[in-house]
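In case you want the letters, here they are:
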Protein chains: 2
Amino acid sequence: MRTRPLKVALLGCGVVGSEVARIMTTHADDLAARIGAPVELAGVAVRRPSKVREGIDPALVTTDATALVKRGDIDVIVEVIGGIEPARTLITTAFEHGASVVSANKALLAQDGAALHKAAEDHDADLYYEAAVAGAIPLIRPLRESLAGDKVNRVLGIVNGTTNFILDKMDSTGAGYQEALDEATALGYAEADPTADVEGFDAAAKAAILAGIAFHTRVRLDDVYREGMTEVTAADFASAKNMGCTIKLLAICERAEDGGSVTARVHPAMIPLTHPLASVRGAYNAVFVESDAAGQLMFYGPGAGGAPTASAVLGDLVAVCRNRLNGATGPGESAYAALPVSGMGEVVTRYHISLDVADKPGVLAQVATVFAEHGVSIDTVRQTGKDGEASLVVVTHRASDASLSGTVEALRKLDTVRGVASIMRVEGE
Amino acid sequence: MRTRPLKVALLGCGVVGSEVARIMTTHADDLAARIGAPVELAGVAVRRPSKVREGIDPALVTTDATALVKRGDIDVIVEVIGGIEPARTLITTAFEHGASVVSANKALLAQDGAALHKAAEDHDADLYYEAAVAGAIPLIRPLRESLAGDKVNRVLGIVNGTTNFILDKMDSTGAGYQEALDEATALGYAEADPTADVEGFDAAAKAAILAGIAFHTRVRLDDVYREGMTEVTAADFASAKNMGCTIKLLAICERAEDGGSVTARVHPAMIPLTHPLASVRGAYNAVFVESDAAGQLMFYGPGAGGAPTASAVLGDLVAVCRNRLNGATGPGESAYAALPVSGMGEVVTRYHISLDVADKPGVLAQVATVFAEHGVSIDTVRQTGKDGEASLVVVTHRASDASLSGTVEALRKLDTVRGVASIMRVEGE
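Residues numbered from 1 in each chain as written. Chains lettered and ligands numbered in written order. Predicted model: local features only at pLDDT ≥ 70, side-chain atom pairs only at ≥ 80, totals over all residues. Heavy atoms only, no water.

Caption draft 1: Inspection of the packing of helix α1 (residues 15-26) of chain A against helix α12 (residues 306-326) of chain A at higher detail. Residue and element names in this part refer to chain A. Their axes nearest at 8 Å, the elements α1 and α12 cross at an angle of 60 degrees. Relative to α12, the element α1 is oriented oblique. Here α1 runs over α12; the crossing is right-handed. Seen from α1, the contacting residues are V15, V16, E19, V20, I23 and M24; seen from α12, they are G306, A307, T309, A310, V313, L314 and L317. (Axes fitted to C-alpha atoms, helices over the stretch in contact; angles between N-to-C directions. Helix = DSSP H or I, 4+ residues; strand = E, 2+ residues; numbered from the N terminus. Parallel < 35°, antiparallel > 145°, perpendicular 65-115°, else oblique. Left-handed = near helix turned anticlockwise from the far one by under 90°. Contact = heavy atoms within 4.5 Å.)

Caption draft 2: Fine view of the interface of chain A and chain B. Each partner contributes residues to the interface: chain A has 45 residues there, and chain B has 45 residues. Here chain A and chain B share an interface that buries about 3,800 Å² over both sides, 55% of which is from carbon and sulfur atoms. At the junction of chain A with chain B, the criterion picks out two salt bridges. We note a salt bridge from E145 of chain A to R141 of chain B, for which the minimum N-O separation is 3.6 Å. Where chain A packs against chain B, one counts 18 residue pairs in polar contact (both at pLDDT 80 or more). Mapped by element, the contributors of at least two residues to the side of chain A that touches chain B are α2 (28-35), α6 (140-146), β12 (295-302) and α12 of chain A. (Buried area = accessible area lost by both parts, 1.4 Å probe. Salt bridge = Lys/Arg side-chain N within 4 Å of Asp/Glu carboxyl O. Polar contact = N/O pair within 3.5 Å; in protein donor to acceptor, adjacent residues only side chain to side chain.)

Caption draft 3: Quick peek at the pattern of salt bridges. All names here are of chain A. In total, this model carries 48 salt bridges over all chains according to the counting rule given. Measuring nitrogen to oxygen at the nearest pair gives 3.1 Å for the salt bridge that ties D73 to K7. Here D73, found in the loop between α3 (65-69) and β4 (76-79), pairs with K7, found in strand β1 (residues 6-11); they are 66 residues apart in sequence, far enough to count as distant. The partly exposed category is assigned to K7, whose relative accessible area is 24%. The partner of E183 in a salt bridge is K169, and the shortest N-O contact between them spans 3.4 Å. (Buried < 20%, exposed > 50% of the residue type's maximum accessible area, 1.4 Å probe, protein only.)

Caption draft 4: Structural detail: the UniProt feature "binding site: NADPH" (unreviewed entry) in chain A. Residues and elements named next belong to chain A. In this numbering, the UniProt entry assigns the feature "binding site: NADPH" (unreviewed entry) to K106. We classify K106 as partly exposed; its relative accessible area is 25%. Not counting chain neighbours up to four residues away, the residues in contact with K106 comprise A132, D202, A205, K206 and I209. (UniProt positions renumbered as here; feature names shortened; annotations may be inferred.)

Caption draft 5: Quick look at the UniProt feature "binding site: NADP(+)" (unreviewed entry) in chain A. All names here are of chain A. Here, the residues flagged by UniProt with the feature "binding site: NADP(+)" (unreviewed entry) are L11, G12, C13, G14, V15, V16, G17 and S18. One can find V15 in helix α1. Among the residues examined, V15 registers a relative accessible area of 60% and is labelled exposed. Within the secondary structure layout, V16 lies in helix α1.

Caption draft 6: Spotlight on the environment of I84 of chain A. Mapped onto the secondary structure, I84 of chain A falls in the loop between β4 and α4 (87-96). Between the C-alpha atom of I84 of chain A and that of D112 of chain A, which follows or precedes it by 28 residues, the distance is 8.8 Å.

Caption draft 7: Up close: the pairing of strand β10 (residues 262-272) of chain B. Residues and elements named next belong to chain B. Most of β10 is tucked away: eleven of the eleven residues are buried. Sheet analysis places strand β9 (residues 245-255) next to β10, joined by eleven bridges and oriented antiparallel. Following the sheet pairing, I247 is matched in β10 by M270. Here β9 hands over to β10 after six residues, with G259 in that stretch at a positive phi of 80 degrees. Bridging between β10 and strand β17 (residues 417-426) involves two bridges; their strand directions are parallel. Within the sheet, the bridge partner assigned to M270 lies in β17 and is V426. (Pairing = 2+ DSSP bridges.)

Caption draft 8: Focus on the sheet that holds strand β6 (residues 127-128) of chain B. All names here are of chain B. One open sheet accounts for six strands, arranged β3-β2-β1-β4-β5-β6; its pairing is parallel. Two strands in the sheet have a free side with no partner beyond their single neighbour: β3 (61-62) and β6. One ladder, built from four bridges, connects strand β4 (residues 76-79) with strand β5 (residues 100-103); its direction is parallel. By the bridge assignment, V76 is partnered in β5 with S100.

Caption draft 9: Focus on the sheet that holds strand β6 (residues 127-128) of chain A. Residue and element names in this part refer to chain A. Taken in spatial order, the six strands make up an open sheet running β3-β2-β1-β4-β5-β6, and their pairing is parallel. Whereas interior strands pair on both sides, the edge strands pair on one side only; in this sheet they are β3 (61-62) and β6. Bridge count between strand β2 (residues 39-45) and β3: two bridges; the pairing is parallel. Within the sheet, the bridge partner assigned to V44 lies in β3 and is V61.

Caption draft 10: Broad picture of unusual backbone geometry. Residues and elements named next belong to chain A. A cis amide bond links E85 with the next residue in sequence, P86, at an omega value of 5 degrees. Position of P86 among the secondary structure elements: in the loop between β4 and α4. In this structure, D124 is a non-glycine residue whose phi angle is positive, near 50 degrees. With respect to the secondary-structure elements, D124 resides in the loop between α5 (106-122) and β6. The exposure class of D124 is exposed, given its relative accessible area of 64%.

Caption draft 11: Region of the structure containing the pairing of strand β11 (residues 284-291) of chain A. All names here are of chain A. For β11, a buried count of six out of eight residues is recorded, marking the element as mostly surrounded by other parts of the structure. One ladder, built from six bridges, connects strand β7 (residues 152-158) with β11; its direction is antiparallel. For L156, the partnering residue across the bridge sits in β11 and is F288. Pairing geometry for β11 and β12, over eight bridges, is antiparallel. Within β12, the residue paired with F288 across the bridge is M298. The antiparallel pairing of β11 with β12 creates a hairpin that spans three residues between the two strands.

Caption draft 12: Region of interest: α2 of chain A. Residue and element names in this part refer to chain A. Where α2 is concerned, the buried positions are L31, A32, R34 and I35. Those residues of α2 that are buried are in contact with β1, α1, β2 and α12. Where α2 ends, the next residue or the one after it, G36, has phi of about 100 degrees, a positive value.

Caption draft 13: Structural view of the nonpolar core. Formed by 162 residues in total, the largest nonpolar core has its most connected members in I77, I166 and I209 of chain A together with I77, I166 and I209 of chain B. Non-local contacts of I209 of chain B, meaning those with residues more than four positions away in its chain, are made with K106, L109, A110, Y129, A132, V133 and I140 of chain B. (Core = buried A, V, L, I, M, F, W, Y, C linked by side-chain atoms within 4.5 Å.)

Caption draft 14: Here's a closer look at the domain arrangement of chain A. All names here are of chain A. Here chain A is described as being made up of domain 1 (6-135 + 306-326), domain 2 (140-302) and domain 3 (347-426). Placing a centre on the C-alpha atoms of domain 1 and another on those of domain 2 gives a separation of 28 Å. The partner domain 2 presents 17 residues to the 20 residues of domain 1 that form the contact. Taking both sides of the interface into account, the surface hidden between domain 1 and domain 2 amounts to around 1,400 Å²; carbon and sulfur atoms contribute 61%. Counting every contact that joins domain 1 to domain 2 gives two salt bridges. For the salt bridge of R141 with D316, the shortest nitrogen-to-oxygen distance reads 3.3 Å. For the pair domain 1 and domain 2, the number of links is five residue pairs in polar contact (both at pLDDT 80 or more). Elements supplying a minimum of two residues to the side of domain 1 that touches domain 2: α5, β6 and α12. The class makeup of the residues in the side of domain 1 that touches domain 2 is twelve nonpolar, four polar and four charged. (Domains from an automatic or database assignment. Nonpolar A, V, L, I, M, F, W, Y, C, P; charged D, E, K, R; others polar.)

Right under this line is the structure:
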């Protein structure tokens, strides 16, 4: 074994960073044996240097992250500060000064992955980011390496623990969205400002990263259709139960059936209770991958948290350190397929639509005609009525989102349709 | 991209090999883009050269596997013939002649993994074998790389599709073992001689491989305790249902609680219906991995079959080809921890024991005394009796296998115990 240590610098020492530092210390011998050389924590950039950080030598702590990445003797930078800046500039500077980078920064990777990969390649460095998607669950590496000889057609998953906790709570207790969110906040599953989670931004960033790797095509955050889950109601869960379904916030990356384009989207959807994703509870994550040869694979585990995310970071750290000792780099960006990324209109799926309608004869015929005119085939209709008010619940066969939108627009213009109570996609069949 | 192709030779062209060859041809452009150089099928060693193999140039086919591996211009040998010899000699010869090896050979890896890894290392070559365990499911790579910075404490899984199909059938239809086996054979899930599957040899080989990687310790097939599932009865399933459980053939690799040793075993066990492994149906495989930092991860997918296994082989092929272009090798054997592998006696788990006893007062007290004398604590007892015959079903708290064996031996000597109807371990809690 080489005795001269590889030097690692941490950018950020919060929940994840402090756990990375802890494991680097407590498991130093294991890491050295697995890498083939010792690793040394050579610097830690933080915002608040006065905070006591157990187990970390105060002499290593600095507020000057830029000076740290410019030192030139650092082998690997671990970036766990998150957000776009200063993370982007620090990572780019690190590459320029000879370091490889392990990052957990989904927002940055989803926005600027291509440029960062280019910077890594230009400097013969590695950029690894298993921790950016689904915490501890190995997903980037299986997609990028294990399935490198296969053709992935779909990635379908629960990649945000906060929203899964809220939806699971609504499902199991009948609580409304606000009540479930309050509980998630009280238990520390939701942040004070939950926007990034509940509006689907976090999941959309992960969808962009997964789609890019799965389809060997650049997919940016802006390419991902995004719908949050703040408008999911207890009534929606009741409707879902009637159909033998539950509701999950799903990230879905698909290759079009003709193989000529791909889509990526995040939205709440009904899925059958018999689908393995339906039983993913609490803040857990799970991702289905469907490919030509392998068939259906599922990966399940804790999607967030300090220790699980640190596990993913350290797995990457070991790989990057091994590469460095080998004088090699791991697989970089693979975007050769360069497939067009289609918008939501071209997505084909099923829909569950609840309409408030006038309780009089002929309404169903009118509604059915509108669906037919837009080429949307109806699977089932359920009609209920009392006191002159009635509702129609329509479940469609597979149709394009554009056709469905056209249908809904036309339905709203019917005199007999008083309102469209809810529209929800049905997935996982 | 490099234009000179990497040369690949196939040893074996059965269900898996022919699928590997097919994908290498139909997805040649994708593979080239992902590797950074084209790959060329340069030879195929088979036993029956006269068999027509669609899509394979007959000029590539040979019966002389030894000459093929000695050619010296082959970059990667893909070994999918299985069994110990001639596979072992061919792989060793391939290393000596400069090739790296991708293998799906669990029996050989479980028996001679250390020697083969040594041969690979001596010749600066790679030995990859994702396809040897759980077909298409990425498991070797996540354990060896994604979790390289973590400490794995347990691997628990269903790693044999044939036996899972049979047990699932018994569970869902009430069929006996033979009837379910006959159906599995008729459907092609079981081989004409099902011994390797139903007696647990196949699962034991996989357990040895998984334990070795998970614990960085050499674990050979002989180190794995093995009990097949041919004696599982419809009555056992009825007992399991009474406990809210089902029965699965599990491969379990564990680090002892004190961390000082490891165990690996394969046997039928009851697991609660609420455990995710309980709902793994048909010929699917699923593996739970528990580690210090990541927590519980699960990997699920098709555990066998030509295309899924080919997916795993090709993922390895891409990785090995990339390494070759990089002039590097991937992670080799990691056995530095060299922990002692304990026997079954030191395994600690729970037990479900059915006893046929005399239907008279005082029997329960006698039986309970025997458990107490051996230090095995009882969780629940259920007593049923009719017509002078009675049965006792005892479920224990966690105890060592040695204590339980001692208990059972003593129970058999009691006059009032007419027989031990079944003993089954209870896992997954």
